[in-house]
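Tertiary structure, described
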Amino acid sequence: MTEVDTTVDTIRGLLSELLRTYPTPDNIYYSMTGADPDEFEISGQDDPRRELIYDIGEEIFRDHIDFDQYSYLPCWKMHDAPNIPYIGFADPSETTSTQAGRDVVYLFDPIDRDLYLTLNMGSKALEKRFKAQSDGDYTTCIRRLARWYRQRLPDKHEFEEGEAKLSSELSKSKPYNAGTICYKKYSLRDFPDNATLLADLETAFELYRAALDDGEMFDAVDGAPRRVWHISPEGGEYWSVWRDESVASMGWKFDHNEYGPVTKSTKLSDLDVGRDWGNRQPFQFEYEISRGDVVVAGTRRKGRGAKLDDFYGIGVVTEEHISPDELAAHDGFDHKNLIGVDWLELADVQETDDGNGLPVSIARESALTGKTITDISKDDFVPLLEAVLGYAVAVGQFESFGAAIDALHDVDGVDRLVDVNDDQLDFYARDYHEWAAEHDQLTPTAAKVETGGLVFPDEIDVDRVVQRLTDAIESGKHVVLTGPPGTGKTELAKRLTRYYTDSWELTTATEDWSTFDTIGGYRPQPDDTLEFVPGVVLDRFLMQGEDGAEPDNEWLIIDELNRADIDKAFGSMFSALTGTTVRLPFESAEGDDVRLVGDYETRSPAPVDETTYYIPESWRLLATMNTVDKTSLYKMSYAFMRRFAFVPIPAPDPDHIDETLLARYAQAWEISGLREFEIDTGERDEDDTDGAELTATYVRTVVSSLWKTLQRRRIIGPAIFEDLLRHLATTEDQNLDGPLTDAVLLYVVPQLERLTEKEMEDLIEEWMRAEDEPSPAEHLNEALLRREAGDFLNMDL
C-alpha cells in the first residue's frame with residue numbers, strides 16, 4: 001500500500017497527493033455520498049486515502065465553495081478496469097449527481113498523472129436514454145450538447161474550450177472527454193501553486209453559472225400564442241394517442257355540481273377552489289386554455305440524483321373541446337376531457353429504467369412542476385424551449401437547431417414564438433454546406449507563385465508555365481506536372497500549392513500501392529477489433545477536432561505518380577473525382593456505411609459525421625510524373641485522366657547546355673567551393689583570385705560537357721547535376737579526378753537504367769574523347785567507371 005501524507009492542508013497538497021498516490025491497479029473500491037463533509041459515508045478497504053478524501057472535501061468544499069448554493073459530489077471507484085476518480089460540485093437545483101446535468105468536476109487521470117478541472121456534463125444517466133432516442137453513438141449526442149453549452153461562455157476566459165484528453169485506457173474516458181465543455185489541465189510534473197488553483201476554481205464556477213443560463217439564445221416574441229401550458233401525458237403513457245389523434249387530454253372534469261355554472265369569462269379567482277387540485281386543474285384545462293395557446297407535453301421527474309425530465313412534443317391548441325367520439329379506439333385510453341393540438345413531435349416513447357421520452361436536464365427551480373397542468377409565463381417558457389429543442393437536436397430529432405426552429409414555426413397557428421441569433425443556430429449540428437460556405441474557396445494567399453531560386457533555360461518561359469498551372473487549377477482541374485527526372489516538378493508543385501493554401505500533404509507513390517493506401521481499409525486496433533482507417537487521400541477530407549469529426553480541405557501532392565498502378569491504387573476515387581457519391585465497402589465501428597461524396601453541391605444539406613468524406617470543390621490533387629517511361633501514361637483510365645491537366649516541365653535542350661547555364665543554376669542553388677580544386681587552367685597562377693574564379697569556371701565547363709553529352713541520349717533535369725555539383729563543392733579532395741568519377745557513379749548512372757548496353761558504351765566513349773577543352777576525359781577514371789557502372793546496370797562495359 002502506498003504511503004500517503006495526510007498532513008497537507010492546502011488544495012495543492014491534497015490534489016497533487018491524491019493524484020500521485022491513486023492506484024492504477026483494479027483492486028480498490030470505495031465511494032462517498034452526501035453533500036455535507038461531516039456526513040460522508042466511505043466504504044471499502046482500510047486505506048489512508050480515506051482520510052485524504054475527507055480532507056479534500058473539507059478543505060475545498062467547506063472553505064472555498066458556497067455551501068448553501070452547491071453540492072459536493074465525490075466518487076472514487078476502481079473495478080475490473082481502471083476508472084476515472086473525480087470530485088464534483090453542482091447546483092442542487094439542477095442535479096445532485098454527476099450522472100446528469102452540469103457540474104464543476106476535478107477529473108483524475110491516474111494513467112498519465114494529469115488532473116483536469118472541468119466544466120462537464122454528466123453522461124451516465126444520459127447514456128441509455130440517448131441510446132433509446134438516437135440512432136447514432138450516444139457520445140456524439142453528448143458532444144453536441146457540450147458544444148451547445150460552450151456558446152454561453154464568456155468570449156474571453158483562460159480555460160480551454162473543447163474535450164478533455166483523459167487516457168483512452170481509462171474506462172468511460174470517451175464520454176467524459178466528449179462531455180467536457182471547457183477545462184484546465186494540470187500535470188503532476190508541473191503542478192501550480194495554491195493561489196492559482198483557487199483562482200482557477202473560482203473561474204470554473206463563473207463559467208458554470210454562465211452555462212446554467214438556459215434561454216440566453218432566445219428572445220420571447222409578443223403576439224400569438226397567448227399563453228403557454230405544460231401538460232403531463234400521464235408519464236408518457238398517453239403520448240402516442242395524443243400524437244396520433246392530435247389531442248391533449250385530462251382524466252377528470254371540472255365538478256359543476258360543487259362550484260356551479262362557469263363560462264370562458266369566469267376567472268379562477270372568482271371560485272373558491274383553493275387547493276382543490278381535482279377541480280383547479282380541470283378548470284384550467286377546460287376554461288382557461290384557448291385556441292392558439294402553446295402546450296408542452298412532458299413529465300417532471302423530482303427527487304435526488306440524476307433525474308431527467310421527459311418531453312414528448314410542443315404544440316398549438318387548435319380546438320378548445322373535442323368529443324371523445326371523434327377518436328379511434330385505443331387500448332387503455334379512457335380520457336374524456338380533450339382539446340385539439342397540432343403537435344411537433346420531440347421523441348418516441350422508449351421505455352428505460354427512469355423515463356421514456358426525450359431526456360432533458362433543466363434547473364430544478366424552473367417554473368415546471370409535477371402537476372398535470374401548469375401555466376408557464378413566456379419568460380419561463382424561453383429557457384424551457386431552448387433546453388428542450390437543444391436536447392432534441394442532440395439526439396438527431398432535427399438536423400440542426402435552425403431546422404428545429406423552422407419546424408416549430410411550421411406548426412399550425414404559430415407565429416414567431418422566439419427570435420434567435422442566426423449565428424448561433426447550428427453550432428453543433430452544422431451541415432457540410434455551411435462549413436463549405438466558409439472554407440471551400442479557391443483564393444490565392446499571395447500576389448503570385450513564388451519562383452525565386454527556380455532556374456529555367458532561356459528557351460523555357462517560366463511565366464507561361466506558371467500561368468498554365470494556375471489556369472488549370474482555377475478551371476477546376478487537378479494537375480500532373482510531367483517531365484524527365486530532376487526538372488523541379490516537385491518543388492514547383494509545392495510552390496503552386498502554397499500559393500493557394502497552407503494546408504497540404506506530400507507523399508510518394510510506390511509500385512505496391514492499392515486502394516488500402518489511398519482510400520483506406522480495416523486495421524486492427526489495440527482492443528483487437530477492426531476499424532476503418534482512411535488512406536492518404538481520404539485523410540485529407542476529415543479530421544478529428546476537439547468536438548469530433550470536422551471537415552478538412554488539405555491538398556495532396558503525390559510525387560512520382562506513375563510508380564503506382566493508377567487503376568489499382570485509386571479504384572472508386574475515379575467516380576468521386578468526376579463528381580459522384582461513392583458508397584465504399586466499409587463500415588464504421590457503429591455499423592454506418594463509409595461514403596465518399598464528390599458532388600456535395602447537388603445534395604441536400606446533411607450533418608458532418610465520422611463516416612462521410614466530402615470532397616471540397618476547391619480541393620486539388622497535384623502529382624508529378626516521370627515521362628521517361630511514356631507507357632506509364634496508359635495506366636490511367638480516361639475517366640481519371642480527364643480530371644487532370646498535364647503540364648510539361650521540360651529539361652534544357654542539349655544545344656543550350658553550357659558553362660553559362662550551369663553557372664546560373666549554381667548561383668540559384670547557392671553552390672560555392674568549386675574554386676578549391678588544384679587545377680592549372682594554363683592562364684593564371686592558381687593562388688591568384690582570378691585564377692580561382694577560373695578554376696570554378698573550369699569545373700562547371702567539365703560538368704556541363706558531361707550533361708550535354710548525356711542529354712542527347714537520355715533527357716535529365718538539372719536537379720541531378722545539382723547533386724553532382726554539391727558533391728564536388730563539399731569534397732575535401734583537391735584533385736578533381738576522384739570526386740568527379742564518384743559523383744557520376746552516385747548521381748548520374750542510376751538515371752541510366754533504360755539505356756541499352758550499346759547506348760551506354762557509346763556514352764562512355766564520348767565522355768572519354770578529348771575533343772573539347774577542358775574535357776571530362778581528363779578527369780574521369782574510365783576503368784572504374786566501366787566496372788562499377790556495369791555492375792549497377794548489369795552490363796558488360
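Being a predicted model, the structure only gives us computed values, none of them experimental.

Definitions and cut-offs
- Residues numbered from 1 in each chain as written.
- Predicted model: local features only at pLDDT ≥ 70, side-chain atom pairs only at ≥ 80, totals over all residues.
- Heavy atoms only, no water.
- Core = buried A, V, L, I, M, F, W, Y, C linked by side-chain atoms within 4.5 Å.
- Buried < 20%, exposed > 50% of the residue type's maximum accessible area, 1.4 Å probe, protein only.
- Helix = DSSP H or I, 4+ residues; strand = E, 2+ residues; numbered from the N terminus.
- Contact = heavy atoms within 4.5 Å.
- Axes fitted to C-alpha atoms, helices over the stretch in contact; angles between N-to-C directions.
- Parallel < 35°, antiparallel > 145°, perpendicular 65-115°, else oblique.
- Left-handed = near helix turned anticlockwise from the far one by under 90°.
- Nonpolar A, V, L, I, M, F, W, Y, C, P; charged D, E, K, R; others polar.
- Pairing = 2+ DSSP bridges.
- Salt bridge = Lys/Arg side-chain N within 4 Å of Asp/Glu carboxyl O.
- Arc of directions from axis to C-beta.
- Polar contact = N/O pair within 3.5 Å; in protein donor to acceptor, adjacent residues only side chain to side chain.
- Phe/Tyr/Trp six-rings, centres within 6.5 Å; stacked < 30°, edge-to-face > 60°.
- Lys NZ or Arg CZ within 6 Å of the ring centre and 35° of its normal.

Observations concerning the nonpolar core
One finds Y106, F130, L145, F311, L346, L358 and Y391 to be the most contacted residues of the largest nonpolar core, which totals 78 residues. Among the elements that take part in this core, helix α10 (residues 378–394) stands out by supplying eleven residues, more than any other. Once residues lying within four places of it in the same chain are set aside, the contact partners of L145 are M121, L126, F130, G390, Y391 and A394. One finds V479, V536, A564 and I615 within the second-largest nonpolar core, a separate group that totals 55 residues.

A closer look at the packing of helix α23 (residues 757–767) against helix α24 (residues 782–793)
For the pair α23 and α24, the least separation of the axes is 12 Å and the interaxial angle reads 155°. Taken together, α23 and α24 sit at an angle that is classed as roughly antiparallel. For α23 against α24, the interelement crossing comes out right-handed. Seen from α23, the contacting residues are M760, E761, I764, E765 and W767; seen from α24, they are L785, R786, A789 and L793. Residue composition of the contact of α23 with α24, grouped by class: six nonpolar, no polar and three charged.

A look at the pairing of strand β13 (residues 309–322)
The buried count for β13 comes to ten of 14 residues, which makes it a mostly enclosed element. As paired strands, strand β12 (residues 294–299) and β13 are joined by six bridges and run antiparallel to one another. Bridge pairing links V296 to I314 in β13. Here β13 pairs with strand β15 (residues 358–360) via three bridges, running antiparallel. Looking at β15, one finds that D309 is bridged to V360. Pairing of β13 with strand β14 (residues 337–345) involves seven bridges; the strand directions are antiparallel. Bridged to G315 within β14 is W343.

Concerning the pattern of salt bridges
For side chains of opposite charge, pairing can occur when their charged atoms come near one another. Per the stated rule, a full pass over the model turns up 28 salt bridges. Across the pair D762 and K758 runs a salt bridge, and its minimum N-O distance is 2.8 Å. Residue D762 and its partner K758 are both found in helix α23; the two are separated by four residues, about one turn of the helix. Among the residues examined, K758 registers a relative accessible area of 55% and is labelled exposed. We note a salt bridge from E782 to R786, for which the minimum N-O separation is 3.0 Å. In this pair, E782 and R786 are both assigned in helix α24, four residues apart and thus about one turn of the helix distant. The exposure class assigned to E782 is partly exposed, which follows from its relative accessible area of 30%. One salt-bridge network, held together by shared partners, links R243, D244, E345 and D348.

A few points about helix α19 (residues 659–668)
Burial in α19 covers these residues: E659, L661, L662, Y665 and A666. On an axial view of α19, the arc spanned by its buried residues comes to 160°, and they lie on one face. Away from its buried face by more than 90 degrees, α19 exposes T660 and Q667. Near the N-terminus of α19, the side chain that reaches the backbone nitrogen of T660, with its oxygen 3.2 Å away, is that of D658. Of the residues trailing α19, E670 is marked for its positive phi of about 55°.

Observations concerning the pairing of strand β25 (residues 581–587)
Where β25 meets strand β26 (residues 593–597), four bridges bridge the pair, whose relative direction is antiparallel. By the bridge assignment, V582 is partnered in β26 with L596. Taking the residues between adjacent antiparallel strands as the criterion, β25 and β26 are bridged by five residues, where G591 takes a positive phi near 90°.

A look at the sheet that holds β25
Pairing is mixed across the open sheet formed by three strands, whose spatial order is β25-β26-β27. Looking at the sheet topology across the chains shown, the edges are occupied by β25 and β27 (612–614). Neighbour to neighbour, the strand axes of the sheet diverge by 15° on average, direction disregarded.

Describing the packing of aromatic side chains
According to the stated counting rule, one finds 24 aromatic pairs in the structure shown. Their ring planes at 55° and their centres at 6.1 Å tell us that F89 and F205 sit as a pair that is tilted. Here F89, found in strand β4 (residues 86–90), pairs with F205, found in helix α6 (residues 194–211); they are 116 residues apart in sequence, far enough to count as distant. According to the relative accessible area criterion, F89 is buried, its value standing at 0%. Residue F205 is classed as buried on the basis of its relative accessible area of 6%. One aromatic cluster in this structure is built from F130, W148, Y149 and Y391. The ring of W148 carries R152 above its face, with NZ or CZ at 4.7 Å from the centroid.

Regarding the sheet that holds strand β24 (residues 555–559)
The strand order β19-β24-β28-β18-β29 describes an open sheet built from five strands, whose pairing is parallel. Two strands in the sheet have a free side with no partner beyond their single neighbour: β19 (504–508) and β29 (644–648). With strand direction ignored, the average angle separating the axes of adjacent strands in the sheet is 20°. Sheet contacts for helix α13 (residues 462–474): β18 (478–483), β24, β28 (621–626) and β29; angle to β29, the most-contacted strand, approximately 175°.

Quick look at the packing of α10 against helix α11 (residues 401–409)
Across the interface, α10 lies against α11 with an axial gap of 9 Å and an inter-helix angle of 120°. The orientation of α10 with respect to α11, classified from their angle, is oblique. Seen from above, α10 lies across α11 with right-handed handedness. Of the residues in α11, those touching α10 at L385, E386, L389, G390 and V393 are F401, A404, I405 and L408. Across the contact of α10 with α11, the residue classes break down as seven nonpolar, one polar and one charged.

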